[in-house]
Amino acid sequence: MIHARKQTMAALVALGALLALTSLMVGRVWIPFHAWGDPSDPLWPIVLELRLPRTLLAVVVGAALGMAGAAMQGFTRNPLADPGTLGVSSMAALGAVGTLYFGAGAQASWVIAVCAMAGALIAVLALMGLAGAASSAVTFILAGVILQTVAGAGVALALSLAPDPWAVTEIVDWLMGSLTDRSLGEFSLAAPLVAAGLALLLSTGRSLDALTLGEDGARSLGVDMGALRWTLAAGVALTAGASVAVTGVIGFVGLIVPHLLRPLVGAQPSRLLLPSALGGAVLVLAADILVRLTPGGSEVKLGVAMTVLGGPFFFALLISMRRRIA
Amino acid sequence: MSLAAEGLRLRLGGKPVLDGVDAALVPGQVTAVLGPNGAGKSTLLACLAGLRRPDAGGVRLDGAPLASLAARARARRIGYLPQSAETAWPIEARILVGLGRTPYIGARGLSAEDARTIDEALAAAGAADLADRIVTTLSGGERARVLIARALAGQPDWLLADEPLTGLDPGHQLDAADLFRKLAHEQGRGVVVTLHDLSLAARMADRVLVMAQGRILSDGAPAQALSPEVLARAYGIEAQVRAGAAGPLIEVVGRAPPGGA
């Protein structure tokens, strides 16, 4: 079997570039090329202050979620794992929501990012702890269910204690991720954190490959499982946590992308990491363009759109896995 | 070259799993570790592979404590085949065998020399024709060969295999047993396997260690170490041992009478 990894990555880069350009043009106001380079054009602020941050964030968040999903699937040896399905994004959102209750001073964006990443880190460590030494695919999924429940309860509590309607809106915004009305400030906050996270996750490739042979098999090949756990936890916390902090919960990216790319680049976990980042950026860019084109008064939230898309995909994946096992 | 367990003791959940195990293993030999379920065979193997740290005692590799060796260095000397025989992803057999090179490769990935070693390992395990197959589609016998090739790709001096013959039909069991003998006798590796099949152990092993309740009951050549008395004490069975064409034949008559032996 020959995998076209290089060609796939080249195609994803080209597609991503094309979508990024489209993303700068498309929206309630159509902005043609000639308006881009001309600061005197009245459409210029829309490109610079609305479309550009939105496009850059789509790339950063998509890459973060795509690679986090691929890495988590490699670690758990389970194609259903992703920051969304295992509750990491929900716990990050809970961390972000928590800042609403620390007082007005805690609403600085870096505080929100730190709290979201802390929530994500706690989630990954809890997943590993709950799954324990006998970490099978099933125990990870069950641990994810527990985390989702805990995060859901926490958010429900935050909603019921919300001091004012403004806080309620804020909380709901985090639960339904979106890229609207973001600024370059949010991009420059998230980008370095995500970049660091991506670097950490990329460094786990060889160890994730060895885990194909199970934990004992990997350890017998010299893989330090303790170091791998911490690197992966930090990488997922940085990527998924920083993403949630700036855009809220956008699910299923890390689930869909590695699954679609596996037949093209091979199932070896290390070979899937970088293509999944590229594929994640492409998917989020495309989805964000689509939500802008929805007819009607208000835009569909990106997180909701991804869930509508991802839910049936999740079902189909489960059914195909069931058939393979049976 | 030597690999030796010295006074290994290990308790798991308050229960002693290894209760003072001493065994000096010899290269160029197949050593079979036998014993009833829960006797501590797998735990002993995991300790010898450096995957489990005993509460007391230790393992020495060429006289030096195994625990003092870095994980990568240890992985180059000792190959280990876990009982689970897990192959999580649908990857080609050649890529799976390539995982055996993990303790050697740096940032640049597999070299041409690594690729040659992988081909040699596939050939040595009789799996050359499987190189391009997807591992999750292999039969049990095929997968066993590929996994043995994976261990050989690391060019270890010692090969420790936890129940490598379980789940194979008699023909493939014999093939795998012959392969282990070849690795020991022709290539001078130290091969240690845990087994449940007594006659197969008697046939393939140069030396057997019979364990029960975390201790070694009997240690020696199969014809001496597998006596009816030892089998009665270890397994609680009544067995007759006869000389066969290919080593001792063990016929299990039935459960040993309680309080007997």
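Because the structure is a prediction, the values reported are computed rather than measured.

S.K.: I tried to follow the overall build of chain A on my own but got confused; where do I start?
M.R.: When you go through chain A residue by residue, the secondary structure sums to 13 helices and 0 strands. Seen in sequence order, chain A has helices and strands lined up from the N terminus as α-α-α-α-α-α-α-α-α-α-α-α-α. Relative to the compact-globule value of 20 Å for 326 residues, chain A shows a C-alpha radius of gyration of 20 Å, a close match. Viewed in the frame of its principal axes, chain A has a C-alpha envelope of about 65 × 50 × 35 Å. Taken across its 326 residues, chain A has 52% of its residues classed as buried. For chain A, the share of sequence-separated contacts (at least 6 apart) that also reach a separation of at least 24 residues comes to 80%.

S.K.: Looking at this structure, I do not really get the overall build of chain B. What am I missing?
M.R.: Secondary structure summary: chain B contains 9 helices and 12 strands in total. Expected size for 261 residues packed as a compact globule is a radius of gyration near 18 Å; at 19 Å, chain B falls within 12% of this value. Burial status across chain B gives 47% buried among its 261 residues. Put simply, of all contacts in chain B between residues at least 6 apart along the chain, 65% involve residues at least 24 apart.

S.K.: Please clarify how the interface of chain A and chain B should be interpreted in this entry.
M.R.: Buried accessible area, meaning the area lost when the parts come together, often serves as the stated size of an interface. Residue-level contacts link 18 residues of chain A with 22 residues of chain B. Of all the elements in the fold, those that place two or more residues in the side of chain A that touches chain B are α8 (205-210) and α9 (214-220) of chain A. It is α9(A) that provides the largest number of residues to the side of chain A that touches chain B, a total of 5 residues. Looking at the side of chain A that touches chain B residue by residue, the class counts come to 5 nonpolar, 7 polar and 6 charged.

S.K.: Explain helix α1 (residues 41-48) of chain B here, please?
M.R.: Residues three or four positions apart in an α-helix share a direction because the helix packs 3.6 residues into each turn. All names here are of chain B. Counting buried positions along α1 yields 7 of 8 residues, so the element is predominantly enclosed. Of all the positions in α1, only Lys41, Thr43, Leu44, Leu45, Ala46, Cys47 and Leu48 are classed as buried. Once α1 finishes, Gly50 follows within two positions and takes phi at roughly 80°, a positive value.

S.K.: Please explain the sheet that holds strand β2 (residues 15-25) of chain B as it appears in this structure.
M.R.: Hydrogen bonds along the backbone pair up the strands of a sheet, which may run parallel or antiparallel. All names here are of chain B. If you trace the 4 strands from one edge of the open sheet to the other, you get β2-β1-β4-β5, paired in antiparallel fashion. Either end of the sheet is taken by a strand with one partner, and the two such strands are β2 and β5 (64-65). In this structure, strand β1 (residues 3-12) lies alongside β2, joined through 8 bridges in antiparallel fashion. When the sheet's bridge partners are listed, Leu8 is paired in β2 with Val21. Its contacts with the sheet place α1 against β1, β2 and β4 (56-61), and it is angled at close to 125° to β1.

S.K.: Would you take a moment to explain the packing of helix α3 (residues 88-98) of chain A against helix α4 (residues 109-131) of chain A for this structure?
M.R.: The angle between the axes and the distance between the axes are what describe a pair of packed helices. All names here are of chain A. Running from amino to carboxyl end, α3 crosses α4 at an angle of 145°, the nearest separation of the two axes being 7 Å. Viewed along their axes, α3 and α4 form a crossing whose handedness is right-handed. Facing Val88, Met91, Ala92, Leu94, Gly95, Ala96 and Gly98 of α3, the residues of α4 in contact are Ile112, Cys115, Ala116, Ala118, Gly119, Ala120, Ile122, Ala123 and Val124. Residue classes in the contact of α3 with α4 are distributed as 13 nonpolar, 3 polar and no charged.

S.K.: Is there a simple way to explain unusual backbone geometry in this structure?
M.R.: In this structure, A:Asp181 is a non-glycine residue whose phi angle is positive, near 55°. Here A:Asp181 lies in the loop between α6 (165-175) and α7 (184-203). Exposure remark for A:Asp181: the 11 C-beta atoms within 10 Å place this residue in the exposed category. We note that B:Asp62 has phi near 50°; this positive angle belongs to a residue other than glycine. With respect to the helices and strands, B:Asp62 occurs in the loop between β4 and β5.

S.K.: It is not clear to me how α7(A) should be interpreted in this structure. Could you clarify?
M.R.: Residue and element names in this part refer to chain A. Its 20 residues place the ends of α7 29 Å apart at the C-alpha level, agreeing with the 28 Å of an ideal helix rising 1.5 Å per residue. Those residues of α7 that fall on the buried side of the exposure criterion are Glu186, Phe187, Ala190, Leu193, Val194, Gly197, Leu198, Leu200 and Leu201. Against α2 (44-76), α4, α10 (225-247) and α12 (269-292) lie the buried residues of α7.

S.K.: Can you help me understand the sheet that holds strand β9 (residues 207-212) of chain B in this one?
M.R.: All names here are of chain B. The 6 strands lie next to each other as β6-β7-β8-β3-β9-β10, forming an open sheet whose pairing is mixed. Sheet topology places β6 (78-81) and β10 (215-220) at the edges, where each strand pairs with a single neighbour. This sheet shows a mean twist of 15° between the axes of neighbouring strands, independent of strand direction. Relative to strand β8 (residues 190-194), α1 is tilted by about 150°, and along the sheet it contacts β3 (30-34), β7 (158-161), β8 and β9.

S.K.: When you look at the nonpolar core in this model, what are you seeing that I'm missing?
M.R.: Burial of nonpolar side chains together is a common tendency in soluble globular proteins. All names here are of chain A. Among the nonpolar cores identified, the biggest contains 185 residues, and Ala64, Ala71, Ala93, Ala120 and Val236 are the most heavily contacted of them. For this core, the leading source of residues is α2, giving 15 residues. The contacts of Val236, once residues within four sequence positions are left out, are Ala68, Ala71, Met72, Pro83, Val88, Ala120 and Val124.

S.K.: Would you mind showing me how to read the packing of α3(A) against α6(A) here?
M.R.: Residue and element names in this part refer to chain A. The geometry of α3 relative to α6 is characterised by a closest axis approach of 9 Å and an angle of 160° between their N-to-C directions. When the axes of α3 and α6 are compared, the pair comes out roughly antiparallel. For the element pair α3 and α6, the recorded crossing hand is right-handed. Between α3 and α6, the contacting residues are Ala93, Ala96 and Val97 on the first element and Ile171, Trp174 and Leu175 on the second. Classifying every residue of the contact of α3 with α6 gives 6 nonpolar, no polar and no charged.

The rules behind the values
Residues numbered from 1 in each chain as written. Chains lettered and ligands numbered in written order. Predicted model: local features only at pLDDT ≥ 70, side-chain atom pairs only at ≥ 80, totals over all residues. Helix = DSSP H or I, 4+ residues; strand = E, 2+ residues; numbered from the N terminus. Rg over C-alpha atoms; globule rule 2.2 N^0.38 Å. Buried ≥ 20, exposed ≤ 12 C-beta atoms within 10 Å, placed from the backbone. Contact = placed C-beta atoms within 7 Å. Nonpolar A, V, L, I, M, F, W, Y, C, P; charged D, E, K, R; others polar. Pairing = 2+ DSSP bridges. Axes fitted to C-alpha atoms, helices over the stretch in contact; angles between N-to-C directions. Left-handed = near helix turned anticlockwise from the far one by under 90°. Expected span 1.5 Å × (residues − 1). Core = buried A, V, L, I, M, F, W, Y, C linked by C-beta atoms within 7 Å. Parallel < 35°, antiparallel > 145°, perpendicular 65-115°, else oblique.

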